[in-house]
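Given next are the chains, with one letter for each unit.
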Amino acid sequence: MIAVTAIGRVDLSQVFPKTFQYFRPDPPDNAGHAHGVGMDIADTAQPRPDPPQALPADEVLAHLGVSVASGLADDEVKRRLQTFGPNTIVSRRKASALAVLLHQFRSPVVYLLSAAAALAFYFGELEEGAAIAVVLAINALIGFVTELKAARSIEALHALGTHAARVRRDGHVRLIAAEQMVPGDIVLLEAGDVISADMRLVEASNLAADESTLTGESVAVDKTTQPVAADARLADRASMLFKGTALTRGSGVGVVAATGLATELGRVSQLVEEAEP
């Protein structure tokens, strides 16, 4: 039984019992030391139902210790914000164009070819030296363009899901910055909204979402409050809305299940950042 210490203030230790697992994305095999970009792994843990898409909406609300009618109390929001941190995806670095260009020449193969070109010029083999130099220039150009696009894609991922959101707190509807959203927030949704956190739908009316940023699907996905299979693919989780996606039609109400790095978008961002350039 959930213990309420004050109006709207819930004892988290009882809201999230041991049998109700905390959720965070499974770390990649090579990310044991860098799963949380810019923060410790423990800091990324979120009180997300495991898996929320397979549970009835009422059960998710109960585990998150919130009601649709009143939402979280202000004191509870402050406590959860302190516990789980802001709803942001922190970048470890922002690559400049010059840094990306210089990176193209930091390779043993490039060093060897550069030495070969220098020797060719030294011994008067101008054609061979020029050919090697052209190959190095083309390789650097291709690598520069490709890597710069990848770097800008990472930055674009971080910018997704940073829009304002309408939430219900203490029984009142408020417009807040996405960074201030916490697990358990009740979010009011309508067509045109950009989703700022992973949510479990509790109400939906003719709702559809564009999830191309995550799944690559070009067609909007119909959404429902009905649970789906626990092992459903991301594109088939019709009872969930994901950070960085956008609503194309309808309206609804969702409860925030994960924020920041614990969202699906956060996981994608981490995998991209941790990949070798």
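Anyway, here's the lowdown on the structure attached to this text. (Residues numbered from 1 in each chain as written. Predicted model: local features only at pLDDT ≥ 70, side-chain atom pairs only at ≥ 80, totals over all residues. Heavy atoms only, no water.)

A few words now on helix 3 (residues 74-84). Taken residue by residue, helix 3 has Glu 76, Val 77, Arg 80 and Phe 84 as its buried positions. Each buried residue of helix 3 lies within a common arc of 100° when the element is viewed along its axis, so the set occupies one face. Exposed residues pointing more than 90 degrees away from the buried face of helix 3 are listed as Lys 78 and Gln 82. Positive backbone phi, approximately 80°, marks Gly 85, located one or two places after helix 3. (Buried < 20%, exposed > 50% of the residue type's maximum accessible area, 1.4 Å probe, protein only. Helix = DSSP H or I, 4+ residues; strand = E, 2+ residues; numbered from the N terminus. Arc of directions from axis to C-beta.)

Here the focus is the pairing of strand 4 (residues 172-176). Pairing geometry for strand 3 (residues 165-169) and strand 4, over five bridges, is antiparallel. Looking at the pairing, Ala 165 lines up with Ile 176 of strand 4. Following strand 3, the chain reverses through two residues before pairing antiparallel with strand 4; Asp 170 in that reversal takes a positive phi of roughly 55°. (Pairing = 2+ DSSP bridges.)

The subject of this paragraph is unusual backbone geometry. Residues other than glycine seldom take positive phi values, yet Asp 170 does so here, at roughly 55°. By the element assignment, Asp 170 lies in the loop between strand 3 and strand 4. Even without being a glycine, Asn 206 presents a positive backbone phi close to 50°. Structurally, the position occupied by Asn 206 is in strand 6 (residues 198-210).

Further remarks concern the packing of aromatic side chains. All told, the structure shown has one aromatic pair when counted by the stated rule. Note on Tyr 122 and Phe 123: the rings are 5.1 Å apart at their centroids and 85° apart in plane angle, and the pair reads as edge-to-face. Judged on exposure class, the residue Tyr 122 and its partner Phe 123 are both exposed. (Phe/Tyr/Trp six-rings, centres within 6.5 Å; stacked < 30°, edge-to-face > 60°.)

With four of its five residues buried, strand 5 (residues 186-190) lies for the most part within the structure. Where strand 3 meets strand 5, three bridges bridge the pair, whose relative direction is antiparallel. Paired with Arg 166 across the bridge in strand 5 is Leu 188. Across five bridges, strand 5 lies against strand 9 (residues 246-258) in antiparallel orientation. The residue bridging Leu 189 from the neighbouring strand is Gly 252, located in strand 9.

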